[in-house]
2 protein chains.
Amino acid sequence: MQLRQRVIDAIVSGSLQPGVRMPSTRRLSVDLGIARNTVSLVYQQLVADGYLTGRERSGVFVSDALFEAVRTGRYREERHPPAASPWRPRLQAVVRAEGEGRAPPSWELNPYPFLDGAYDASLSPGSEWRDAVRSTLSTREFAEWSQDGGELDDPRLIHEIRTKILPRRGVQAGADEVLVVGGRRAAFSLLIRAFVNRGTRAAVEEPGFPDLVQLLRLQGAEVAPTAVDAEGIVEDEVDRGAGLVFVTPACQFPTGARLSQKRRRRLLEQAEADDRLIIEYDLAASGGFTDQAAPALRGMDQAGRVIYVADLCDVLGPGLGLGFIVADADLVRELRRLRTLIAGPAPRAAQRTAAFFLSLGHYDAILGRQQRVLRERLNALRDALNYHLPQLVAIDPRSNGTAIWVEGPAELSARQLANEAARRGVLIEPADRFYATPGAAPNQFRMGVTAIAAGNIRDGVAILAEVIRSLTQPSLDQLDPQAHAWMDGDALRTKMSGAKLLCRTAYGDPYEVDVLPDGRLIGKAGYAHEDCDVGSWWMEGDFWCRRWKEWSYGETARFLTVVEGDQIRWYRSDRLLFNRGVIKPNAATDDDALRANLAP
Amino acid sequence: MQLRQRVIDAIVSGSLQPGVRMPSTRRLSVDLGIARNTVSLVYQQLVADGYLTGRERSGVFVSDALFEAVRTGRYREERHPPAASPWRPRLQAVVRAEGEGRAPPSWELNPYPFLDGAYDASLSPGSEWRDAVRSTLSTREFAEWSQDGGELDDPRLIHEIRTKILPRRGVQAGADEVLVVGGRRAAFSLLIRAFVNRGTRAAVEEPGFPDLVQLLRLQGAEVAPTAVDAEGIVEDEVDRGAGLVFVTPACQFPTGARLSQKRRRRLLEQAEADDRLIIEYDLAASGGFTDQAAPALRGMDQAGRVIYVADLCDVLGPGLGLGFIVADADLVRELRRLRTLIAGPAPRAAQRTAAFFLSLGHYDAILGRQQRVLRERLNALRDALNYHLPQLVAIDPRSNGTAIWVEGPAELSARQLANEAARRGVLIEPADRFYATPGAAPNQFRMGVTAIAAGNIRDGVAILAEVIRSLTQPSLDQLDPQAHAWMDGDALRTKMSGAKLLCRTAYGDPYEVDVLPDGRLIGKAGYAHEDCDVGSWWMEGDFWCRRWKEWSYGETARFLTVVEGDQIRWYRSDRLLFNRGVIKPNAATDDDALRANLAP
């Protein structure tokens with residue numbers, strides 16, 4: 001096949017001119033170290049295809065006739081368009097460039113891509129995919145799916161979606177209630193074409209999908225952004241006049257919040273009261289960390305108001321471009337007609353491949369594998385943020401996705417941070433592009449783990465911390481070395497011996513440390529002390545030193561310490577504030593009273 | 001793999017309940033006649049994937065935990081939607097059902113599918129396709145294309161399009177001037193989103209693509225249908241106020257007419273004069289019968305007014321869903337952004353497969369193969385129409401596509417014909433659905449050859465002819481057996497001996513027959529007598545009998561004959577008119593004078 005390709009390239013590119021005699025099979029087989037039979041076979045095929053011509057007793061020649069057009073049609077690398085582009089005044093739909101603030105196309109070249117949704121090769125279902133593709137290649141299979149099926153989807157894929165994916169999401173659907181589409185965007189585009197016209201009011205989550213907002217506005221909709229908090233979309237703030245609301249209950253995009261049960265019920269009640277349709281995009285069907293116990297809204301919906309959308313790309317990989325819609329059969333019929341018009345059905349090759357992929361059980365296996373790996377990475381990211389940026393960032397601990405939503409210091413520009421960090425190989429996503437409201441959340445950003453290896457997370461966060469400090473330094477609490485305001489070594493040793501320290505992690509969890517006089521440390525983290533560790537402490541001059549067994553990577557850390565009343569602050573050797581907490585001189589003091597003093 | 005799939009199906013469907021002990025590998029290998037190693041391997045994989053659990057010394061069991069959700073989520077076959085569908089009043093875009101007058105999805109079950117564009121398996125590039133797919137499956141390839149490439153297309157596919165397809169069409173394009181899309185519909189949809197808004201006037205060919213008209217109207221355009229004749233779109237009738245015109249110069253859809261050079265130039269001049277964009281859909285890039293010498297309009301365009309669209313599905317098969325747009329680089333950039341919003345890029349797997357397909361040279365080979373086969377079929381269809389329906393149908397001989405455009409008797413309802421014929425296994429396409437104007441061309445229909453085997457064409461046309469006669473019989477010229485109006489055998493023999501007959505084929509070509517007194521026939525068809533044949537004639541009672549060597553399938557035909565002046569009419573044994581012509585008693589008479597008498 002390689003030989004075939006090379007010969008054709010040479011003919012098409014003109015390296016082998018028409019009429020040229022090809023080397024004999026004997027010579028070529030010796031030159032290339034290929035079996036002579038193979039060369040003969042390739043020549044025979046190329047003769048049959050018209051690229052080469054065999055002349056009796058004189059050999060094989062590059063064909064004169066067939067490629068006249070190919071050879072004569074030359075092409076330039078660049079074409080200079082006329083100065084005045086006649087198409088430009090006629091352009092009706094101008095779409096904002098998505099480039100700004102987005103991951104560069106060559107993100108794989110960066111060592112620290114904290115991106116969400118861009119999957120690294122280790123998570124791609126390569127071998128499973130190949131199994132599935134090979135299954136579609138048998139003559140019988142090929143004959144079946146390669147036919148033009150008209151408007152209909154591959155019934156096998158529909159079956160697999162209904163039996164392997166939807167039951168896990170608590171959704172029941174007949175074969176006539178599922179429509180296969182080209183992915184999330186194709187689904188949104190189709191539904192917006194169906195339901196939105198000039199003046200239609202549509203509520204979206206804020207922050208949410210930026211392309212959804214653009215698409216709605218392109219279709220003439222009035223977009224009503226609705227706030228999102230740690231429990232997901234604030235259902236009471238949905239515009240009462242909105243005929244549509246787009247939600248991501250399982251795992252809010254992009255914050256990762258999970259919609260609470262109370263809000264789910266309220267959202268459905270309000271849709272009924274206000275005569276509204278809910279378009280549910282279910283990230284849980286596509287992978288990620290999902291609460292299997294929480295069924296999709298579509299599964300709770302008794303009134304037929306929820307249209308369910310899922311994308312298969314997170315499990316199958318982005319190369320296949322498949323997703324699906326679940327809706328009432330009549331609506332699926334309408335949508336199918338509209339789909340025929342604007343796109344045609346999703347390619348049958350991809351559909352059959354996906355059907356095999358699912359029928360071979362790879363969906364569950366891949367989901368399981370991805371979740372194991374991503375959970376590990378997410379934990380590593382939390383640990384690293386906590387270690388390197390404990391005072392700088394606020395993280396919502398309830399986040400449910402494959403990314404952590406980070407709020408930096410108030411004066412931080414996340415966009416500037418992203419640009420500076422990118423120069424050092426660290427990619428993060430500024431949050432503002434997820435907001436429909438311009439200028440919102442300038443100090444927030446997102447860090448995802450689907451693309452970064454676990455082993456690179458700590459170093460990436462360390463670099464990010466340096467960049468954040470360099471951008472926000474003036475506002476940081478910094479120890480003045482001239483003032484020598486820290487506690488003297490001997491005094492500190494006395495103060496610490498037998499004390500209890502109360503602190504918070506970067507993501508808000510409390511932890512406490514018993515500083516035993518014999519040099520041991522006992523640490524208990526979490527509201528139920530679910531994460532414990534032991535370590536040791538000692539003094540080196542004025543530096544208080546500690547090393548945990550597991551926490552903080554089991555590394556030795558040295559701090560200068562300031563104590564004012566029951567407030568304690570630790571500074572790193574570069575005099576920058578590392579963390580703060582409350583010190584309780586002896587273990588007899590009441591814990592709760594001290595907790596009340598602990599800054600939130 | 002089959003075993004794996006069966007086990008998983010059994011678990012998911014509940015046939016194998018959790019906790020059930022699987023048969024031993026030894027037993028299963030004996031029962032199924034599979035090597036024991038294979039069974040072990042499958043078990044090991046299923047254990048690794050969590051479907052099965054191995055317990056030491058007791059065997060392999062169906063896993064308890066993993067499939068809780070799969071098992072508990074039951075699904076119904078049918079779901080009864082609430083009586084009042086809440087989505088219906090909100091539906092903005094209602095698309096006409098395309099079903100009417102269209103080929104049924106299961107057209108392969110019909111023995112005589114005279115369809116265009118539905119490809120039978122023998123024309124599918126099955127083995128070439130498999131080659132290309134296998135090439136994409138290597139680990140290195142997979143890692144490359146399975147990554148999310150963002151908005152960009154596969155550079156390899158772009159390269160192949162630029163070097164293998166476009167030069168044949170006389171189009172030069174830089175890499176930044178090509179955009180890959182999901183096919184013709186996706187291309188139209190994208191361009192219409194870009195250039196059409198409420199009130200935009202757009203000219204289309206009449207007849208033309210029905211979905212294009214619907215899509216334009218959905219977007220709010222005023223559609224201006226423009227007549228098509230044997231030279232393609234009548235360029236002078238394009239609405240002067242139209243900002244866009246959609247044309248199919250290489251092979252007009254659906255009539256197959258080729259746009260003349262004069263009209264091509266005029267179309268470009270007018271676009272410049274009226275400030276109009278031309279959207280050219282080039283069927284020649286997708287296969288079919290094409291005049292390689294006529295470059296695409298885009299190749300002639302100096303002013304940057306032509307946007308070029310091609311679909312790859314006719315060559316690659318409909319299963320891949322790929323096409324492309326060629327336009328100025330700036331416009332491609334705008335369109336790419338819009339595409340990102342409404343669909344995302346075409347799936348990378350399909351793009352890379354197509355790139356391999358083209359790089360392996362299959363495009364030219366398949367085009368060549370398809371053209372050989374389709375030309376043979378098209379000739380068979382012409383012959384059959386000429387043989388079975390010479391007086392009933394009019395065919396444009398210049399038609400250039402893979403279908404023949406047929407005009408039936410004036411009183412024929414092509415829709416009724418299609419329905420009646422479909423009952424007897426003959427599928428044709430009534431022409432009215434290709435018209436934007438309701439009720440146009442009720443007696444016209446299209447017969448394509450991409451789906452029907454050459455060997456079935458004659459029988460299919462024979463059945464179609466019977467159905468046409470049954471639907472139009474009252475108007476047919478029928479010989480009254482009582483009146484005995486035909487010429488007596490002896491008189492006819494005298495009349496015919498040495499005469500010359502002048503006739504026309506169903507597709508309008510003239511042919512003449514010398515009836516030699518010695519019983520031989522010499523036939524010359526075509527304006528330059530490019531098709532000649534010899535045969536013999538004799539009398540059987542009143543029946544004039546003839547048999548050609550090649551023409552009319554070399555079969556004996558018997559006719560009753562009516563001669564009035566120089567007009568001659570032949571009737572079949574069922575007394576139905578077969579054909580008419582002019583008889584010239586002796587060869588000395590001037591041909592041209594007789595030709596003038598020949599009914600057109």
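In the block above lies the structure referred to throughout.
As the structure is a computational prediction, the values presented were derived from the model and not from experiment.

A. Quick look at the overall build of chain A. Secondary structure summary: chain A contains 19 helices and 24 strands in total. Within chain A, residue pairs in contact and separated by at least 24 positions form 65% of the contacts whose partners lie at least 6 positions apart. As displayed, chain A has an accessible area near 23,600 Å², and 49% of this comes from carbon and sulfur atoms.

B. The pattern of salt bridges, seen in detail. Applying the stated criterion to the full structure yields 74 salt bridges over all chains. Among the ionic contacts, a cluster of salt bridges with common partners joins Asp229(A), Glu235(A), Asp236(A), Arg263(A), Arg266(A) and Glu269(A).

C. Seen up close, a negative patch on the surface. A grouping of Asp383(A), Glu530(A), Asp531(A) and Glu550(A) is seen on the molecular surface, where their side chains present a negatively charged patch. Looking at the secondary structure, you find Asp531(A) in strand E20 (residues 531-540).

D. Region of interest: the interface of chain A and chain B. Tallying the contact residues gives 120 residues for chain A and 121 residues for chain B. Taken together, both faces of the contact between chain A and chain B bury some 10,900 Å²; the carbon and sulfur share is 55%. Along the contact surface separating chain A from chain B lie zero salt bridges. Taken together, the links from chain A to chain B amount to seven residue pairs in polar contact (both at pLDDT 80 or more). Counting residues per element, the side of chain A that touches chain B draws most heavily on helix H13 (residues 329-342) of chain A, at eight residues. When the residues that make up the side of chain A that touches chain B are grouped by side-chain class, the tally is 52 nonpolar, 29 polar and 39 charged.

E. How the structure looks around the relation of the copies chain A and chain B. Once turned by 180° and shifted 0.0 Å along the axis, chain A lies on chain B with an RMSD of 0.1 Å. The superposition of one copy onto the other is thereby described by a two-fold rotation axis. The fraction of interface residues of chain A whose copies in chain B are also interface residues reaches 100%, indicating that both copies meet through the same surface.

F. Representation of the pairing of strand E13 (residues 403-407) of chain B within the structure. Residues and elements named next belong to chain B. E13 sits mainly inside the fold: four of its five residues count as buried. Note that E13 and strand E16 (residues 444-448) share five bridges and pair antiparallel. The residue of E16 that forms the bridge with Ile 404 is Met 447.

G. Geometry of the side chain of Arg263(B). All names here are of chain B. On the secondary structure map, Arg 263 appears in helix H10 (residues 261-274). The buried category is assigned to Arg 263, whose relative accessible area is 7%. Here Gly 232 takes part through its backbone oxygen, which lies 2.9 Å from a polar atom of the side chain of Arg 263. In this view, Arg 263 contacts Asp 229, Glu 231, Gly 232, Ile 233, Val 234 and Glu 235; residues no more than four positions away in its chain are not counted.

H. Molecular detail of the packing of helix H8 (residues 184-195) of chain A against helix H9 (residues 210-218) of chain A. Residues and elements named next belong to chain A. Axis separation between H8 and H9 bottoms out at 10 Å; the angle between their running directions is 25°. Considering their axes alone, H8 and H9 lie roughly parallel with respect to each other. For the crossing formed where H8 meets H9, the hand is right-handed. Facing Arg 184, Arg 185, Phe 188, Ser 189 and Ile 192 of H8, the residues of H9 in contact are Asp 211, Leu 212, Leu 215 and Leu 216. Taken together, the residues of the contact of H8 with H9 sort by class into five nonpolar, one polar and three charged.

I. Just unusual backbone geometry, in detail. All names here are of chain A. The step from Glu 206 to Pro 207 runs through a cis peptide bond, and the omega angle for that step is 5°. Position of Pro 207 relative to the elements: it lies in the loop between strand E5 (201-206) and H9. Going from Phe 253 to Pro 254, the amide bond is cis rather than trans, its omega being 5°. For Pro 254, the location among the structural elements is in the loop between strand E8 (244-247) and helix H10 (261-274). Even without being a glycine, Ser 552 presents a positive backbone phi close to 50°. In this fold, Ser 552 is placed in the loop between strand E21 (543-548) and strand E22 (556-564).

J. Representation of the environment of Ser536(A) within the structure. Inspection of the secondary structure puts Ser536(A) in strand E20. Spatially, the C-alpha atom of Ser536(A) lies 60 Å from that of Leu179(A), the residues being 357 residues apart in sequence.

K. Spotlight on the sheet that holds strand E18 (residues 510-515) of chain B. Residues and elements named next belong to chain B. An order of E17-E18-E19-E20-E21-E22-E23-E24 is seen for the eight strands of this closed barrel, with the pairing classed as antiparallel. With direction set aside, neighbouring strand axes in the sheet form an average angle of 35°. Two elements, strand E17 (residues 500-504) and strand E24 (residues 577-584), share three bridges in a ladder whose sense is antiparallel. Opposite Lys 500, over in E24, you have Lys 584 as the bridge partner. The sheet strands contacting helix H18 (residues 489-496) are E17, E18, strand E20 (531-540), strand E21 (543-548), strand E22 (556-564), strand E23 (567-571) and E24, and the helix crosses E20 at an angle near 150°.

L. Highlighting H9(A). Summarising burial for H9(A): seven of the nine residues are buried, a large majority. All of the buried residues along H9(A) are Pro210(A), Asp211(A), Leu212(A), Val213(A), Gln214(A), Leu215(A) and Leu216(A). In this fold, the buried residues of H9(A) make contact with H8, E5, strand E6 (222-229) and E8 of chain A together with helix H8 (184-195) and helix H13 (329-342) of chain B. Where H9(A) terminates, the next one or two residues include Gly220(A), which has phi positive at roughly 95°.

M. Here's a closer look at the sheet that holds strand E9 (residues 277-281) of chain A. Residues and elements named next belong to chain A. Taken in spatial order, the eight strands of this open sheet run E4-E11-E10-E9-E8-E5-E6-E7, and their pairing is mixed. In the strand order of this sheet, the two ends are held by strand E4 (178-181) and strand E7 (232-233), each with one partner. With four bridges joining them, E8 and E9 adopt parallel strand pairing. The partner of Val 245 across the bridge, within E9, is Ile 278. Against the sheet, helix H7 (residues 155-165) contacts E4 and strand E11 (323-326), and its axis sits at roughly 110° relative to E4.

N. A look at the environment of Gln92(A). Turning to its location among the elements, Gln92(A) is positioned in the loop between helix H4 (68-72) and strand E3 (112-113). Overall, the relative accessible area of 36% leaves Gln92(A) in the partly exposed class. Between the C-alpha atom of Gln92(A) and that of Leu218(A), which follows or precedes it by 126 residues, the distance is 9.4 Å. The contacts of Gln92(A), once residues within four sequence positions are left out, are Ala194(B), Phe195(B), Val196(B), Asn197(B) and Thr200(B).

O. Examining the state of the cysteines more closely. Counted under the stated rule, the structure contains zero disulfides over all chains. In this model Cys532(A) remains outside any disulfide bridge; the closest cysteine sulfur is found in Cys503(A), 15 Å from its own.

P. The arrangement of the nonpolar core in detail. The biggest cluster of nonpolar side chains holds 98 residues, and the ones touching the most others in it are Ile325(A) and Ile325(B). Once residues lying within four places of it in the same chain are set aside, the contact partners of Ile325(A) are Glu177(A), Val178(A), Leu179(A), Val181(A), Ala187(A), Leu190(A), Leu191(A), Ile307(A), Tyr308(A), Val309(A) and Leu335(A). Of all hydrophobic cores here, the second largest spans 74 residues; its members include Val326(A), Ala354(A), Ala310(B) and Ala349(B).

Q. How the structure looks around the packing of H13(A) against helix H9 (residues 210-218) of chain B. One way to put it is that H13(A) packs onto H9(B) with a least axis distance of 9 Å and a crossing angle of 105°. In terms of axis orientation, H13(A) runs roughly perpendicular to H9(B). Residues Leu338(A), Leu341(A) and Ile342(A) of H13(A) form the contact with H9(B), whose participating residues are Asp211(B), Gln214(B), Leu215(B) and Leu218(B). Per-class residue counts for the contact of H13(A) with H9(B) are five nonpolar, one polar and one charged.

R. Layout of H13(A). The end-to-end C-alpha separation of H13(A) is 20 Å, in line with the 20 Å expected for 14 residues at 1.5 Å each. Looking only at H13(A), the buried set comprises Ala329(A), Leu331(A), Val332(A), Glu334(A), Leu335(A), Arg336(A), Leu338(A), Arg339(A), Thr340(A), Leu341(A) and Ile342(A). Lining the buried residues of H13(A) we find E4, H8, strand E10 (306-311) and E11 of chain A together with H8 and H9 of chain B. Gly344(A), located one to two residues past H13(A), shows a positive phi value of around 80°.

What counts and how
Residues numbered from 1 in each chain as written. Chains lettered and ligands numbered in written order. Predicted model: local features only at pLDDT ≥ 70, side-chain atom pairs only at ≥ 80, totals over all residues. Heavy atoms only, no water. Helix = DSSP H or I, 4+ residues; strand = E, 2+ residues; numbered from the N terminus. Contact = heavy atoms within 4.5 Å. Areas by Shrake-Rupley, 256 points an atom, 1.4 Å probe, with all protein chains shown as cover. Salt bridge = Lys/Arg side-chain N within 4 Å of Asp/Glu carboxyl O. Patch = residues over 30% accessible without salt bridge, like charges linked within 9 Å, V, L, I, M, F, W, Y side chains within 5 Å. Lys, Arg positive; Asp, Glu negative; His and termini not counted. Charge placed at Lys NZ, Arg CZ, Asp CG, Glu CD. Buried area = accessible area lost by both parts, 1.4 Å probe. Polar contact = N/O pair within 3.5 Å; in protein donor to acceptor, adjacent residues only side chain to side chain. Nonpolar A, V, L, I, M, F, W, Y, C, P; charged D, E, K, R; others polar. Least-squares fit on C-alpha atoms with pLDDT ≥ 70 in both. Buried < 20%, exposed > 50% of the residue type's maximum accessible area, 1.4 Å probe, protein only. Pairing = 2+ DSSP bridges. Axes fitted to C-alpha atoms, helices over the stretch in contact; angles between N-to-C directions. Parallel < 35°, antiparallel > 145°, perpendicular 65-115°, else oblique. Left-handed = near helix turned anticlockwise from the far one by under 90°. Disulfide = S-S within 2.5 Å. Core = buried A, V, L, I, M, F, W, Y, C linked by side-chain atoms within 4.5 Å. Expected span 1.5 Å × (residues − 1).

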